[in-house]
Amino acid sequence: MNHILNSIPSPSVNDLTIGNVTVRYYALFIIIGIVIAISISALRLKQRGGSAGAAVDIAIWTVPFGIVGARFYHVITHFSDYFGAGKDPMTALYIWNGGLAIFGGLLFGALGAWIGARQAGIRFLAYADALVPGLLIAQAIGRLGNYFNNELFGVPTTLPWGLEIQPGNEAYPVGLPQGLLFHPTFLYEMIWSLLGVGVVLFIERKFKLQWGKTFATYLMFYSFGRIFIESIRIDPAYIILGLRTNVWSAIVGLIIGAVLFYRQSRKHTGIEQNPYILGREPKVAVEQADAVAADQESEEVETA
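Overview of the structure. (Residues numbered from 1 in each chain as written. Predicted model: local features only at pLDDT ≥ 70, side-chain atom pairs only at ≥ 80, totals over all residues. Heavy atoms only, no water.)

Scanning the protein for helices and strands turns up nine helices and seven strands. Across the 304 residues of the protein, 44% fall into the buried class. When contacts within the protein are restricted to residue pairs at least 6 apart in sequence, long-range pairs at least 24 apart make up 74% of them. Carbon and sulfur atoms form 68% of the exposed surface of the protein, whose accessible area is close to 16,300 Å². Across the protein, the mean location of the 21 positive side-chain charges is 4 Å away from that of the 21 negative side-chain charges. (Helix = DSSP H or I, 4+ residues; strand = E, 2+ residues; numbered from the N terminus. Buried < 20%, exposed > 50% of the residue type's maximum accessible area, 1.4 Å probe, protein only. Contact = heavy atoms within 4.5 Å. Areas by Shrake-Rupley, 256 points an atom, 1.4 Å probe, with all protein chains shown as cover. Lys, Arg positive; Asp, Glu negative; His and termini not counted. Charge placed at Lys NZ, Arg CZ, Asp CG, Glu CD.)

If you want it as structure tokens, here you go:
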């Protein structure tokens, strides 16, 4: 017990075998996260006057685009790990071994969500707002996969929650003495993402965020934390002007979130009646929007 309290042990297994089927924990946690994100987005979209089924329809586009984008971004930013002398290019397809970059997933996933939203008649930013809490939970759960893969840890530390990495592990940094503990950056990001759920929902309710501003808040919050967490990671990465590529991605995400929040605040000052694209609202949604508008008008008259 004293040993455990002085460090975080690394798992000795990273898969689960049921009969003849072997499931990697990394893939299992990603699947669990996806299911939770879809379920929460469906519930929130329905609460905003949309159809829960529309969230599922959009996810059919979002998920594969996001996974392909996450893998593509990782491979491009770790090119020498997969291509070159002595490397097997086919391993670039082995996503179960780890290597899904969140920023690539966000970029390509957003493209897939935009296509899916157009197909479903839902405004992209309305769907993005509905997705945020589930997305943060999915990101937190997905980081457990990194833990079981013994990857994405930080620089050495003497803190009591330092992560043990076995000397025989390929991820153990070359040139460092054996027996060191490392910052569990996977855990830091899990905590930051789960904290983000509460922070974003509080801000959303406090300031009645709509029109994509919840998604913008997510981009700013997550990117801000990722800048610091990424800065202490020790795994190899391309360095541009002294910063890791993912730090630059986080800075871009922070800027995009701030610009989006400012733009949507200036462009939309009224209440978002429903999440549908103008002219594609179901009859029920139109009637609900008219009822809400009538109630607001009545309240304004009584106040006057």
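Once you've had a look at it, read on.
A few words now on helix 5 (residues 124-148). Taking 1.5 Å per residue, 25 residues should reach 36 Å; helix 5 reaches 34 Å between its end C-alpha atoms and fits that length. Roughly 45° is the biggest bend found in helix 5, and it falls at Val-132, with proline Pro-133 one to four residues downstream. Counting buried positions along helix 5 gives 21 out of 25 residues, so the element sits mostly inside the fold. (Expected span 1.5 Å × (residues − 1). Bend = angle between axes of the 7 residues up to and from the residue.)

The next subject is the packing of aromatic side chains. This structure, assessed with the given rule, holds 15 aromatic pairs. Aromatic side chains Tyr-147 and Phe-186 sit 4.9 Å apart centroid to centroid with 20° between the ring planes, which places their arrangement in the stacked category. Taken together, the residues Tyr-147 in helix 5 and Phe-186 in helix 6 (residues 185-207) connect sequence positions 39 residues apart. Of the two residues, Tyr-147 and Phe-186, neither departs from the other in class, the shared state being buried. Of the aromatic side chains, those joined through ring pairs into one cluster are Tyr-25, Phe-29, Tyr-147, Phe-148 and Phe-186. (Phe/Tyr/Trp six-rings, centres within 6.5 Å; stacked < 30°, edge-to-face > 60°.)

Turning our attention to the pattern of salt bridges. One pass over the full model with this rule turns up 12 salt bridges. Taking the shortest distance from any N to any O, the salt bridge between Glu-230 and Arg-244 comes out at 2.9 Å. Taken as a pair, Glu-230 in helix 7 (residues 213-231) and Arg-244 in strand 7 (residues 243-244) lie far apart in primary sequence, 14 residues in all. The closest approach of N and O atoms between Arg-233 and Asp-235, which form a salt bridge, is 3.0 Å. Like Arg-233, the residue Asp-235 is buried in the burial classification. When salt bridges with common partners are traced through the structure, they connect Arg-143, Glu-189, Arg-226, Glu-230, Arg-233, Asp-235 and Arg-244 into a single cluster. (Salt bridge = Lys/Arg side-chain N within 4 Å of Asp/Glu carboxyl O.)

Another aspect to go through is the side chain of Arg-244. Of the residues examined, Arg-244 reaches a relative accessible area of 10% and is grouped as buried. From its side chain, Arg-244 meets the backbone oxygen of Asp-235 in a polar contact 2.8 Å long. If we skip the residues at most four places from it in the chain, Arg-244 touches Glu-230, Arg-233, Ile-234, Asp-235, Ala-237, Tyr-238 and Ile-239. (Polar contact = N/O pair within 3.5 Å; in protein donor to acceptor, adjacent residues only side chain to side chain.)

This part is about the packing of helix 2 (residues 25-47) against helix 5. Running from N to C, helix 2 and helix 5 point in directions that differ by 165°, and their axes come no closer than 8 Å. Accordingly, the angle class assigned to the pair helix 2 and helix 5 is roughly antiparallel. Seen along the crossing, helix 2 lies across helix 5 with a hand that is right-handed. For the contact of helix 2 with helix 5, a count of residues per class yields 20 nonpolar, six polar and two charged. (Axes fitted to C-alpha atoms, helices over the stretch in contact; angles between N-to-C directions. Parallel < 35°, antiparallel > 145°, perpendicular 65-115°, else oblique. Left-handed = near helix turned anticlockwise from the far one by under 90°. Nonpolar A, V, L, I, M, F, W, Y, C, P; charged D, E, K, R; others polar.)

Okay, the environment of Gly-99 next. Inspection of the secondary structure puts Gly-99 in the loop between helix 3 (52-77) and helix 4 (102-120). Taking the C-alpha atoms as reference, Gly-99 lies 20 Å from Ala-37; in sequence the two are 62 residues apart. If sequence neighbours within four positions are ignored, Gly-99 has contacts with Tyr-26, Ala-70, Arg-71, His-74 and Glu-151.

As defined by bridge partners, strand 1 (residues 15-18) adjoins strand 2 (residues 21-24) across four bridges and the pair is classed as antiparallel. Looking at the pairing, Asp-15 lines up with Arg-24 of strand 2. The hairpin formed by strand 1 and strand 2 contains two residues between the paired strands, and Gly-19 there has a positive phi angle of roughly 65°. (Pairing = 2+ DSSP bridges.)

On to the packing of helix 5 against helix 7, then. Any two packed helices are characterised by the angle at which their axes cross and by the distance between the axes. Close contact between helix 5 and helix 7 brings their axes to 7 Å; oriented N to C, the two are set at 30°. By the angle between their axes, helix 5 is roughly parallel relative to helix 7. Judged by residue contacts, Leu-125, Ala-128, Asp-129, Val-132, Leu-135, Leu-136, Gln-139 and Arg-143 of helix 5 engage Lys-213, Thr-214, Phe-215, Tyr-218, Tyr-222 and Arg-226 from helix 7. When grouped by side-chain class, the residues that make up the contact of helix 5 with helix 7 number eight nonpolar, two polar and four charged.

Quick look at empty space enclosed by the protein now. Taken as a whole, this structure holds one cavity of 30 Å³ or more when the rule is applied. The space that makes up the largest cavity amounts to roughly 40 Å³. Around the largest cavity sit Arg-143, Asn-146, Leu-152, Thr-185, Phe-186, Glu-189, Ile-229 and Arg-233, which together line it. With three residues, helix 6 is the single largest residue contributor to the lining of the largest cavity. Partitioning the lining of the largest cavity into residue classes produces three nonpolar, two polar and three charged. (1 Å grid on protein atoms, 1.4 Å probe; cavity = no way out; pocket = protein on both sides within 12 Å on 5 of 7 lines; lining within 4 Å. Points joined across faces, edges and corners; volume = space filled by probe spheres on them.)

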